[in-house]
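Each chain, written out:
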Amino acid sequence: MREIVEIELRGRLSGQQKTRLKKLLEMMYRPSEIAEEIGFEKRQFYRVYIPLGLPHEKDANNQIWINGSLFREWALETYKNPSMEKNEAYCLTCKKPIEIRDPEWKEKEGLFYLICSCPICKRKIARITDRKVN
Ligand SMILES: [Zn+2]
């Protein structure tokens, strides 16, 4: 059986950056605007957050827009240190941990994560993992 261990990784926000999340408003931002507001590289959106399932929109010009409040909620939930079981992931829709069933394993630029569906609302959930076997 595979051991699922959360790992520290690129994209995890520092305490100071988490505090700055409070400045984000209920409005649409360009990735560069949020990156500047919080203090990280814009490419973090394309390399980490969007592949992990950050909610976003694209306009007719392929410009990505991100709702500030949604980003805050998503980032806090994705990177919190949860008191979850190893076979659980947090569903943002149901607001609770759900059991991971039939995960799809992904690896992107050294970042390991899995995609599963919430058994209650069917939302797709990404969970960052390591695939170390003890
Ligand atoms: Zn759910």
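One can find the structure itself at the top, above this paragraph.
From a predicted model like this one, the values you see are computed outputs, not experimental measurements.

Rules behind the numbers
- Residues numbered from 1 in each chain as written.
- Predicted model: local features only at pLDDT ≥ 70, side-chain atom pairs only at ≥ 80, totals over all residues.
- Helix = DSSP H or I, 4+ residues; strand = E, 2+ residues; numbered from the N terminus.
- Contact = placed C-beta atoms within 7 Å.
- Buried ≥ 20, exposed ≤ 12 C-beta atoms within 10 Å, placed from the backbone.

## Some points on the overall build of the protein
Next up, step 1: Along the protein, the regular secondary structure elements total 4 helices and 8 strands.
Next up, step 2: Mapped from its N terminus to its C terminus, the protein presents α and β elements in the order α-β-α-α-β-β-α-β-β-β-β-β.
Next up, step 3: Look at the contacts in the protein between residues 6 or more apart in sequence, and 47% of them connect residues 24 or more apart.

## Describing unusual backbone geometry
Peptide bonds are, in most cases, trans, and in most cases residues other than glycine have a negative phi.
Next up, step 1: Phi at N62 is positive, roughly 70°, even though this residue is not glycine.
Next up, step 2: If you trace the backbone, N62 turns up in the loop between β2 (57-58) and β3 (64-67).
Next up, step 3: Look at N62 and you get exposed, because 6 C-beta atoms sit within 10 Å.
Next up, step 4: Not every positive phi belongs to a glycine, and K95 is a case in point at roughly 60°.
Next up, step 5: Residue position: K95 is located in the loop between β4 (88-91) and β5 (96-99).
Next up, step 6: Owing to 8 C-beta atoms within 10 Å, K95 belongs among the exposed residues under this scheme.

## Notes on the environment of P97
Next up, step 1: Tracing the sequence through the fold places P97 in strand β5.
Next up, step 2: In this structure the C-alpha to C-alpha distance between P97 and E85, which are 12 residues apart in sequence, comes to 8.6 Å.

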